[in-house]
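# An overview of the molecular structure
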Amino acid sequence: MFRWLIGTIALSMVATQALAADPVEIHVGYLGHAGIKSTLSLVEQPADNDGIAGARLAIEDNNTTGKFLNQRFILDEIRVKDSDDVAKAATDLAGHVDYIITDLPADALLKVADALRDRGTVLLNVGAIDDRLREQDCRANVIHVAPTRTMLADALAQYLVWKQWKRWLLVSGSHDQDKLYADALRRAATRFGAKIVQERTFEDTGGARRTDSGVTLIQRQMPVFTQQAPAYDVLVAADESEVFADYLPYRTWDPRPVAGSAGLVPTSWSAAHDQWGAVQIQNRFMKLNMRRMTALDMQAWTAARMIGEATARTNSGDPKKVTAFLKGPDFSVAAFKGTRLTLRDWNWQLRQPILLADGRMVVSVSPQEGFLHQVSELDTLGVDRPETKCKLQ
Amino acid sequence: MWRRCLLTGMFAWLAAAAPASAFVAYVSNEKGNTVTVIDTDSWTVTKTIKVGQRPRGIEFSRDGKFVMVAVGDDDTIQMIDTKTQEIVDTLPSGPDPELFTQDAAGKTMYVANENDNTVTVIDLEKRARLGDIQVGVEPEGMAVSPDGKILINTSETTSMAHFIDTATRQIVANVLVDSRPRFAAFKRDGSELWVSSEIGGTVSIVDPVKHEVTGKVTFEIPGLRSEAIQPVGIGMTKDGKTAFVALGPANRVAVVDGATHKVTKYLLVGQRVWHMDFTPDEKYLLVTNGVSNDVSVIDVAAQKVIKTIQVGELPWGITIAQP
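Residues numbered from 1 in each chain as written. Chains lettered and ligands numbered in written order. Predicted model: local features only at pLDDT ≥ 70, side-chain atom pairs only at ≥ 80, totals over all residues.

Further remarks concern the overall build of chain A. Helix and strand counts for chain A stand at 10 helices and 16 strands. In terms of C-alpha radius of gyration, chain A reaches 22 Å, essentially the compact-globule figure of 21 Å for 393 residues. Over its C-alpha atoms, taken along the principal directions, chain A stretches across nearly 75 × 55 × 45 Å. In chain A, buried positions account for 49% of the 393 residues. Counting only contacts in chain A whose residues sit at least 6 apart along the sequence, the fraction spanning at least 24 positions is 69%. (Helix = DSSP H or I, 4+ residues; strand = E, 2+ residues; numbered from the N terminus. Rg over C-alpha atoms; globule rule 2.2 N^0.38 Å. Buried ≥ 20, exposed ≤ 12 C-beta atoms within 10 Å, placed from the backbone. Contact = placed C-beta atoms within 7 Å.)

Here it is as structure tokens:
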């Protein structure tokens, strides 16, 4: 009863404030691709609202803060199919939003960025981890919230080297993005002093990911596939296409741990992460969406929170002012990673610690202790300023 | 034999020379689910009390009869009888209580409930819940102004200090501070409110009348990356001349001039320093070191760390009073 009374008072207070002046409205778009990729592990299968669910929570969080600042955030969601004209969809969306959170593959994102080039719309990339979007193909109107492949690979390599698991058996898939991830892992091995003792490719010959009699066959295939390897400490798998990596743990010929695309996985978020106040957001997310929070959800949450943070700090609904602050030296955002996250001003990539998780627990968080950097230890992850190929324009 | 005699003699002399400052400190151990009791005369652990899940905020009742400890994962606040050092009762907080504060009379308690964006008001005499106040996202720091009229709550993701009228329980002002504000403390004369921002890496000085940030304490430690400086707990001397700020993973407590707001010294303590409390005579300041599982004792006048006491797993909060 009492609670109800206070609630009513609080409500009426908010109402009076609202009457005093209409809240400043900030429209945020979410441009995602339709269709869900199929994963080897049934429990890893993304939900229909993967990503957008995180953005929705951040909009709620922004609005809780916004009610004290007379600001209101509104989310506008669009999904595009592969056959749709993504540039047109983005242009339509940009007609009534100032910021667009994108969960798109690299080429689609570039189309959108170029279509909106002269509009002042800010794109926040939460779905594409391709390094080229931050390097040779970088765009001044895109902020990258998702980590890059090199950041993920470096985060893993630092831990494996710290653990003294320096001899790697690298197994990569046969698809393009698997090869890109393998490139990032090779680069990381060289940077941090690991040695790839042998490389193997797992050819994708097609086939279903769900079968009624699957395990028996896999149990015979995987040991054979990994036998006769030179002495190694850890098998590192590059399989973004979800063809084989999750079949490897417990099935390698030699008893060795698996890392990379299965086993110990570098990621921006894990539903098991509970440090640095993370339990709070895990609980809020669960309450709102009735499921656990994924890396894509977290990346979308962070993107929408970045807009909220910059809007609160500037106390302004003017997107020019907000964007200037977002890209300025004073911007940082808190995202339950134990440190403030900031933007690399040479390519607008968000600096962030990377979690190493095995699906049940967070094993460690990189950067690892002892990997030093003159500017920020977070810049030991990924392509750094002196190596960048990005020329922002 | 000789040596022993001499030592005993010296101890006796020391004990006689130093006025007995026998206070008792209670330390909440977040991971250990225990409260460690420390005798500040001998600087030894006298008892370890088993409490509920994830104990964090901890404070003596104003009459000294109880120590109240928020056990977040059990969604309640437990009351420890200071005579028997046993849990005797619980208080009806909201979900996941973390930090709390009391009014000067010790009649009303205000609890930050991290999980549902509320501050719960509790009648300490009746041990009953009076109501909730809606605040920002992830409420944490709590403080009552010296005149008792204003309650401060900080909310971590909203990055604000909310000013709440204690009579009407309405928010009267909101002040934006740096990211992830964790702790709030008033100067005894009520002239300034200090709010620490863990991720922002600063302490904001707020004018409680104008509701404006008038200054900021900034920290710089040579050889340490700025992200590691994460201000959390604040302790201010009664005269308002000196403040101590715990800097989390920087493993240091900053000594800050209360007038100029400048750091005068950094004291090296244990790993991930969280919260602190003075002995009532203000001779000593005890700080909890979350990762190294100990408490550092700081001689306030000398501004030196004089002792380290091993406590339970992941110590977090601390409260000190007469036994």
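Now that the structure has been shown, we can carry on.
Turning next to unusual backbone geometry. Here the amide bond leading from Ser366(A) into Pro367(A) is cis, since omega sits at 10°, within 30 degrees of zero. With respect to the secondary-structure elements, Pro367(A) resides in the segment after strand S16 (362–366). Phi angles above zero are rare outside glycine, and Asn33(B) is one such case at about 55°. By the secondary structure assignment, Asn33(B) is in the loop between strand S1 (24–29) and strand S2 (34–39). Of note in this structure, Arg272(B) is not a glycine but carries a positive phi near 50°. As for its placement among the helices and strands, Arg272(B) is situated in the loop between strand S23 (263–268) and strand S24 (273–278).

On the chain B side, the residues contacting the 20 residues of chain A number 24 residues. Among the elements of the structure, helix H1 (2–20), helix H2 (52–69) and helix H8 (278–289) of chain A are those that each provide at least two residues to the side of chain A that touches chain B. No other element matches H1(A), which puts 6 residues into the side of chain A that touches chain B. Here the residues of the side of chain A that touches chain B sort into 8 nonpolar, 8 polar and 4 charged. (Nonpolar A, V, L, I, M, F, W, Y, C, P; charged D, E, K, R; others polar.)

Okay, the sheet that holds strand S9 (residues 108–113) of chain B next. Residue and element names in this part refer to chain B. One open sheet accounts for 4 strands, arranged S8-S9-S10-S11; its pairing is antiparallel. The sheet terminates laterally at strand S8 (97–102) and strand S11 (128–134), the two strands that pair on one side only. Averaged over all pairs of adjacent strands, the angle between strand axes in this sheet comes to 25°, irrespective of strand direction. As defined by bridge partners, S8 adjoins S9 across 4 bridges and the pair is classed as antiparallel. When the bridges of S9 are listed, Phe100 appears paired with Val111. (Pairing = 2+ DSSP bridges. Axes fitted to C-alpha atoms, helices over the stretch in contact; angles between N-to-C directions.)

The next subject is the sheet that holds strand S13 (residues 150–155) of chain B. Residue and element names in this part refer to chain B. Read from one edge to the other, the open sheet built from 4 strands follows the order S12-S13-S14-S15, with strand pairing classed as antiparallel. In this open sheet, the two edge strands, each paired with only one partner strand, are strand S12 (139–144) and strand S15 (170–176). The sheet shows a mean angle of 25° between the axes of neighbouring strands, direction not considered. Here S12 runs beside S13; their pairing, made up of 4 bridges, is antiparallel. If you follow Pro139 over to S13, its bridge partner there is Ser155.

Moving on: the confidence of the model for chain B. Residues and elements named next belong to chain B. The predicted model of chain B averages 92 in pLDDT, with 93% of residues at 70 or higher. Contacts for the low-pLDDT stretch residues 12–19, under 50 throughout, to residues beyond four places or in other chains number 0 contacts. Here the predicted complex scores 0.88 on pTM and 0.81 on ipTM. (pLDDT = per-residue confidence, 0-100.)

Counting residues in hydrophobic clusters, the biggest one holds 112 residues, and the most contacted among them are Ala55(A), Ile101(A), Leu124(A), Leu156(A), Leu185(A) and Ala304(A). With 10 residues, the top contributor of residues to this core is helix H9 (residues 295–314) of chain A. Ignoring any residue separated from it by four or fewer positions in sequence, one finds Ala55(A) in contact with Tyr30(A), Leu75(A), Ile101(A), Ala300(A), Trp301(A), Ala303(A) and Ala304(A). One finds Val67(B), Leu99(B), Val121(B) and Leu151(B) within the second-largest nonpolar core, a separate group that totals 92 residues. (Core = buried A, V, L, I, M, F, W, Y, C linked by C-beta atoms within 7 Å.)

Residues and elements named next belong to chain A. It is at 9 Å that the axes of H9 and helix H10 (residues 319–326) come closest, and there the two elements cross at 110°. In terms of axis orientation, H9 runs roughly perpendicular to H10. Seen from H9, the contacting residues are Met306, Ala310, Thr311, Arg313 and Thr314; seen from H10, they are Lys321, Val322, Phe325 and Leu326. (Parallel < 35°, antiparallel > 145°, perpendicular 65-115°, else oblique.)

Given 3.6 residues to a turn, an α-helix orients residues that are three or four positions apart in the same direction. Residue and element names in this part refer to chain A. Every buried residue of H10 is accounted for by Pro319, Val322, Thr323 and Leu326. The arc that holds every buried residue of H10, seen down its axis, measures 95°, which confines them to one face. Where H10 is buried, its residues meet strand S4 (122–125) and H9. (Arc of directions from axis to C-beta.)

Attention shifts here to the packing of helix H5 (residues 149–162) of chain A against helix H6 (residues 176–192) of chain A. Residue and element names in this part refer to chain A. At a minimum axis distance of 8 Å, the contact between H5 and H6 shows a crossing angle of 45°. Viewed along their axes, H5 and H6 adopt a mutual orientation that is oblique. Between H5 and H6 lies a crossing whose hand is right-handed. Here Arg149, Thr150, Ala153, Asp154, Leu156, Ala157, Gln158 and Val161 of H5 lie close against H6, whose contacting residues are Leu180, Tyr181, Ala184, Leu185, Arg187, Ala188, Ala189, Arg191 and Phe192. Looking at the contact of H5 with H6 residue by residue, the class counts come to 11 nonpolar, 2 polar and 4 charged. (Left-handed = near helix turned anticlockwise from the far one by under 90°.)

So, about the pairing of S13(B). Residues and elements named next belong to chain B. Burial of S13 is extensive: 6 of the 6 residues sit out of reach of the surface. Residues of S13 alternate between two faces, with Ile150, Ile152 and Thr154 on one and Leu151, Asn153 and Ser155 on the opposite face, all of them buried. Counted between consecutive antiparallel strands, the loop separating S12 from S13 contains 5 residues, among which Gly148 sits at a positive phi close to 80°. Sheet topology places S13 next to strand S14 (residues 160–165); 6 bridges connect them, and they run antiparallel. If you follow Ile150 over to S14, its bridge partner there is Asp165.

Moving on to the environment of Arg252(B). As for its position among the elements, Arg252(B) is in strand S22 (residues 252–257). Look past the residues within four positions of Arg252(B) in its chain and what remains in contact with it is Ile221(B), Leu247(B), Tyr266(B), Leu267(B), Leu268(B) and Val269(B).

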